[in-house]
Amino acid sequence: MLNSAASGWRLALRVVAFQAAATLATAAACYASGPRAALAALAGGGAMALGSLLAAWGAFGGGVAGAGVALGRLLLGTAVKWLVVIVGLYLAMAVWKLPAVPVLAGAAMAAAAFVVSMRFVTQRSTTRTNA
């Protein structure tokens, strides 16, 4: 296999950039309902993008490792991601009292951007594998 942890980290950063762009677009659309709705969309999408960034850092931050360690990092990163998302959504809706629909719309659009970006990010990748 010819790909490295550094290339995986770069791909993950591209995905987070797609999520940030989707969050900003959702916030711009929600601004028609007012600035609190736009802020709510930023909070929801921001929680999702931050969770993805932390998951990538957890998965690729330690460099090259064996399969068991890599799987453990991936699972831990995913758990941290969803913990950050849940706490972020709770803070936005329950503590800061932001409107729930834009918060969830921002999070949903960032999650959808994660899925959609996989197609574009992997096509642009120059990483080669022998699998």
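Residues numbered from 1 in each chain as written. Predicted model: local features only at pLDDT ≥ 70, side-chain atom pairs only at ≥ 80, totals over all residues. Heavy atoms only, no water.

Asks: Looking at this model, I keep getting lost on the packing of aromatic side chains. Mind explaining?
Replies: How two aromatic rings sit relative to each other is given by the distance of their centres and the angle of their planes. In total, this model carries zero aromatic pairs according to the counting rule given. Stacked on the ring of F114, the Lys or Arg K81 has its end atom at 4.4 Å from the ring centre. (Phe/Tyr/Trp six-rings, centres within 6.5 Å; stacked < 30°, edge-to-face > 60°. Lys NZ or Arg CZ within 6 Å of the ring centre and 35° of its normal.)

Asks: Which parts of the structure should I look at to understand the nonpolar core?
Replies: Where a protein is soluble and globular, its nonpolar side chains tend to be buried together. Counting ten residues, the largest nonpolar core is built from A40, A43, M48, V85, L89, A92, L98, V103, A107 and A110. Elements with a minimum of two residues in this core: helix 2 (35-60), helix 3 (67-95) and helix 4 (100-124). Aside from chain neighbours lying at most four places away, what touches A107 is G44, G45, M48 and L89. (Core = buried A, V, L, I, M, F, W, Y, C linked by side-chain atoms within 4.5 Å. Buried < 20%, exposed > 50% of the residue type's maximum accessible area, 1.4 Å probe, protein only. Helix = DSSP H or I, 4+ residues; strand = E, 2+ residues; numbered from the N terminus. Contact = heavy atoms within 4.5 Å.)

Asks: I'm lost on the packing of helix 1 (residues 5-30) against helix 2 in this one. Help?
Replies: Angle between the axes and distance between the axes are the two parameters that describe a pair of packed helices. The geometry of helix 1 relative to helix 2 is characterised by a closest axis approach of 8 Å and an angle of 175 degrees between their N-to-C directions. Between helix 1 and helix 2, the crossing angle belongs to the class labelled roughly antiparallel. For the contact of helix 1 with helix 2, the residue count by class is 18 nonpolar, seven polar and no charged. (Axes fitted to C-alpha atoms, helices over the stretch in contact; angles between N-to-C directions. Parallel < 35°, antiparallel > 145°, perpendicular 65-115°, else oblique. Nonpolar A, V, L, I, M, F, W, Y, C, P; charged D, E, K, R; others polar.)

Asks: Before we go on, may I ask you to explain the layout of surface pockets in this structure?
Replies: Leftover empty space is mapped by rolling, across the atoms, a probe with the size of a water molecule. Each pocket or cavity is described by its volume, and for the largest pocket that value is around 740 Å³. In terms of lining residues, the largest pocket is bounded by 30 residues, among which G8, A12, A59, F60 and L74 are the most central. Elements that contribute at least two residues to the lining of the largest pocket include exactly helix 1, helix 2, helix 3 and helix 4. Residue classes in the lining of the largest pocket are distributed as 18 nonpolar, ten polar and two charged. (1 Å grid on protein atoms, 1.4 Å probe; cavity = no way out; pocket = protein on both sides within 12 Å on 5 of 7 lines; lining within 4 Å. Points joined across faces, edges and corners; volume = space filled by probe spheres on them.)

Asks: Please explain the packing of helix 2 against helix 3 as it appears in this structure.
Replies: Relative orientation of the contacting elements helix 2 and helix 3 amounts to 160 degrees, with a least axis distance of 8 Å. With respect to each other, helix 2 and helix 3 are oriented roughly antiparallel. Considering how the two elements wind past one another, helix 2 and helix 3 form a crossing that is right-handed. The segment helix 2 lies against helix 3, with A43, G44, A47, M48, L50, G51, S52, L54, A55, G58 and A59 engaging R73, L74, G77, T78, V80, K81, W82, V84, V85, G88, L89 and A92. Here the residues of the contact of helix 2 with helix 3 are counted per class, giving 14 nonpolar, seven polar and two charged. (Left-handed = near helix turned anticlockwise from the far one by under 90°.)

Asks: Just to check I follow, could you spell out helix 3 for this structure?
Replies: Three or four residues apart is the spacing at which side chains of an α-helix point the same way, because the helix has 3.6 residues per turn. Here helix 3 is 29 residues long and its end C-alpha atoms lie 40 Å apart, about the 42 Å a rise of 1.5 Å per residue gives. Trailing helix 3 by a residue or two, K97 shows a phi angle of about 60 degrees, which is positive. (Expected span 1.5 Å × (residues − 1).)

Asks: Hey, could you run me through a nonpolar patch on the surface in this one?
Replies: Together, F18, F114, V115, V116, M118 and F120 give the surface a local cluster of nonpolar side chains, amounting to about 510 Å² of exposed area. By residue number, the principal contributor to the nonpolar patch is helix 4, which donates five residues. If you trace the backbone, F120 turns up in helix 4. (Patch = residues over 30% accessible without salt bridge, like charges linked within 9 Å, V, L, I, M, F, W, Y side chains within 5 Å. Areas by Shrake-Rupley, 256 points an atom, 1.4 Å probe, with all protein chains shown as cover. Salt bridge = Lys/Arg side-chain N within 4 Å of Asp/Glu carboxyl O.)

Asks: Sorry if this is basic, but what is going on with the side chain of T26 here?
Replies: Examined against the element boundaries, T26 turns out to sit in helix 1. Within polar-contact distance, the side chain of T26 engages the backbone oxygen of A22 at 2.8 Å. When near neighbours in sequence (up to four residues on either side) are disregarded, T26 contacts A41, A105, G106 and M109. (Polar contact = N/O pair within 3.5 Å; in protein donor to acceptor, adjacent residues only side chain to side chain.)

Asks: What's the story with the side chain of S52 in this structure? I'm lost.
Replies: You can see S52 is positioned in helix 2. Residue S52 is classed as buried on the basis of its relative accessible area of 5%. Apart from the residues within four sequence positions on either side, S52 is in contact with V16, Q19, K81 and F114.

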